[in-house]
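# Secondary and tertiary structure notes
The primary structure of each chain is shown beneath.
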Amino acid sequence: MAKKQKYYVVWQGKQPGIYTDWDACKAQVQGVQGAQYKSFDTMAEAEQAIRLPYSSVISQNTRSIQSNQNNQILVVDESGMTAVKPGTDNPPILDALAVDAARSGNPGVMEYQGIYIPTRTQVFHYMAPKGTNNIGEFLAIVHGLSYLKKHHLNQIIYSDSVNAMSWVRQKVCKSKLPEDASTAELWDYVHRAEQWLRSNTYTTEIRKWDTDRWGEIPADFGRKG
């Protein structure tokens, strides 16, 4: 059976436009931070979509979920099926931003990222030469809040860190990482994040990612320790 024709709209990429195959679309969005793209079944749908803001189009139809014979919930993305979690009555909302952090050493090189779940697109990323997971999780949530507010987006944020979510609610990073010459730049970033929380209001909902039922959060770096 011949593969069904798809049409790919790129709103933000190397060259925005409509593409008639996935390889051509991928070449425009791969490596582009905050890339925005989506597939459509007909050229008419693609031509209509490209005239609209990406956020309004993606919010209409992002929960493309199917179940296989093993009762796994699967997310259909541009490159195929990606397993998200064992089947339950309450799958995660897909039109959302997932954030996570990782570090090498304790403390050691720390990084965090924000991933738009439907397309697995990296929206933002930050790395510090010395930090902790908790600081990274805290900063990732604040970065996500700032990003969504700046771009007038209504997605929720998923984090797998109860600790970081608590710090965000309290508007303070309670890490015990020493403030010294090796962490001065990171702590300056932390204090600016705390100031953003104190100076801004937001309507974004922050939810706990259910790792036990859904597997690793989509923003996971794929390493532990």
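Since the model is a prediction, treat every value here as computed from it, not as a measurement. (Residues numbered from 1 in each chain as written. Predicted model: local features only at pLDDT ≥ 70, side-chain atom pairs only at ≥ 80, totals over all residues. Heavy atoms only, no water.)

Of all nine residues in strand E8 (residues 108–116), eight are buried, a share of seventy percent or more. When strand E7 (residues 96–105) meets E8, the two strands line up antiparallel, connected through nine bridges. Looking at the pairing, Ala102 lines up with Glu111 of E8. Two strands pair when backbone bridges link them, and E8 and strand E9 (residues 121–131) are joined in this way by eight bridges, in the antiparallel orientation. The residue of E9 that forms the bridge with Gln113 is His125. Between E8 and E9, which pair antiparallel and follow one another directly, the connecting turn spans four residues, one of which, Arg120, has a positive phi of 55°. (Buried < 20%, exposed > 50% of the residue type's maximum accessible area, 1.4 Å probe, protein only. Helix = DSSP H or I, 4+ residues; strand = E, 2+ residues; numbered from the N terminus. Pairing = 2+ DSSP bridges.)

With respect to the element layout, Ala101 can be found in strand E7. Looking at Ala101, the relative accessible area reads 7%, which means it is buried. With twelve residues separating them along the chain, Ala101 and Gln113 place their C-alpha atoms 6.6 Å apart. Excluding residues that lie within four positions of it along the chain, Ala101 makes contacts with Glu111, Tyr112, Asn133, Gly136, Glu137 and Phe221. (Contact = heavy atoms within 4.5 Å.)

As a further point, take the pairing of strand E3 (residues 36–40). The element E3 is largely enclosed, with a buried count of five among its five residues. Here E3 shows no split at all, with Gln36, Lys38 and Phe40 on one side and Tyr37 and Ser39 on the other all buried. The pairing of strand E1 (residues 7–12) with E3 spans five bridges and is antiparallel. Following the sheet pairing, Tyr7 is matched in E3 by Phe40.

So, on to the pattern of salt bridges. For the structure on display, the rule yields four salt bridges. A salt bridge links Arg192 to Asp188; the shortest N-O distance between them is 3.3 Å. Note that Arg192 and Asp188 are positioned in helix H6 (residues 184–199) at a spacing of four residues, about one turn of the helix. A salt bridge links Arg213 to Asp210, with the nearest nitrogen and oxygen atoms 2.7 Å apart. (Salt bridge = Lys/Arg side-chain N within 4 Å of Asp/Glu carboxyl O.)

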